[in-house]
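# Structure at a glance
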Amino acid sequence: MIQIDLTGQVAVVTGGSSGIGLATAELFLRAGASVAICGRDTERLAQAEIALNAQFPNASLLARRCDVLDADDVGAFAQAVQARFGRTDMLVNNAGQGRVSTFADTTDDAWREELDLKYFSVIRPTRAFLPMLRDAAGNASIVCVNSLLAQQPEPHMVATSSARAGVQNLIKSFAVELAPQRIRVNSILIGIVESGQWRRRYAKEAQPGQSWEDWTAELARKKNIPLGRFGRPEEAAQALFYLATTLSSYTTGSHIDVSGGVARHV
Ligand code: NDP
């Protein structure tokens, strides 16, 4: 395995209290970076902080409540990172969740809410952390967690799919605008990854007595996932880690598909 030493560098992961974000925070800490995570639920955040500190007793970790849709929260989070670490080298825009609804059952308010979440969960943290990323001596990066729905929409997730496509377009613009400032901007396009979102759907939708393994295997079959299973948070995290660090120093405006082969286009 390629080793990379991130000692002295700072990684910020929005939505780092669960799932993909938490797995990504683990990878950064393992590589020696200082890490800041945020989330809305203070209990979940505290549990993540305890788990990370137990795993990495010498970790330099900041866990702070912040709703990425609240400009004041995001500004305060960036200030807290500046005060604690004095810099940001890598920003992972990960916070969010999907919306299951067809065109027939998506109201105007639901459309606005979904567009707001998908766009501003990227725009607000990017804007708030940009001054620190600019100061990061030319090795800065932003990586966004996006979905394969951006390229391959699903009618039962119409608003999410459409918003995801727009965000993918936005990321390309960011990459071009920020390249002269030597900030790379990339994304991952994920399919289905086992995480909090899917645990919550399992709790709601599984048949009585149906195990998590049986439920996910059945879904993987129904969704024709060529690799035959859901992805794991650490598999998405590894792609994020690659794009965030200088392992991908000549890559910007690009994406990695982490969908288990679901993408049908060449
Ligand atoms: P989880 O639910 O496990 O994690 C989501 C994280 O985001 C939590 O830490 C959550 O904490 C945080 N979060 C959600 N909304 C906000 C907000 N407004 N402000 C701050 N933090 C927030 O899900 P995943 O790990 O699966 O999700 C990670 C990303 O991947 C999300 O953007 C999701 O939409 C995307 N994705 C996931 C897929 C999957 O199959 N898992 C598929 C496609 C995309 P809290 O709730 O406490 O705020």
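Basis of the calculations
- Residues numbered from 1 in each chain as written.
- Predicted model: local features only at pLDDT ≥ 70, side-chain atom pairs only at ≥ 80, totals over all residues.
- Heavy atoms only, no water.
- 1 Å grid on protein atoms, 1.4 Å probe; cavity = no way out; pocket = protein on both sides within 12 Å on 5 of 7 lines; lining within 4 Å.
- Points joined across faces, edges and corners; volume = space filled by probe spheres on them.
- Nonpolar A, V, L, I, M, F, W, Y, C, P; charged D, E, K, R; others polar.
- Near = heavy atom within 4 Å.
- Polar contact = N/O pair within 3.5 Å; in protein donor to acceptor, adjacent residues only side chain to side chain.
- Areas by Shrake-Rupley, 256 points an atom, 1.4 Å probe, with all protein chains shown as cover.
- Helix = DSSP H or I, 4+ residues; strand = E, 2+ residues; numbered from the N terminus.
- Domains from an automatic or database assignment.

The protein chain goes by NAD(P)-dependent dehydrogenase (Short-subunit alcohol dehydrogenase family) in an unreviewed UniProt entry, where it is assigned to Paraburkholderia bryophila.

## Concerning empty space enclosed by the protein
Overall, the coordinates contain 1 cavity of 30 Å³ or more when judged by the stated rule. Its volume calculated, the largest cavity comes out at about 30 Å³. Here the lining of the largest cavity is composed, by residue class, of 3 nonpolar, 4 polar and no charged.

## Some points on the site of the ligand
For the ligand, the set of nearby residues contains 29 residues, the closest of which are Ser18, Arg40, Asn94, Ser195 and Trp198. Note that a nitrogen atom of the ligand is positioned 2.9 Å from one of the backbone N or O atoms of Val68. Trp198 is positioned with one of its side-chain polar atoms (N or O) 2.7 Å from an oxygen atom of the ligand. For the ligand, the accessible surface in isolation is 880 Å², of which the surrounding protein chains cover 95%. Where the shell around the ligand is concerned, the elements lending two or more residues are α1 (19–30), β5 (140–147) and α6 (196–205). In terms of residue count, α6 provides more of the shell around the ligand than any other element does, 4 residues in total. For the shell around the ligand, the domains that each give at least three residues are domain 1 (10–193 + 232–258) and domain 2 (195–230).

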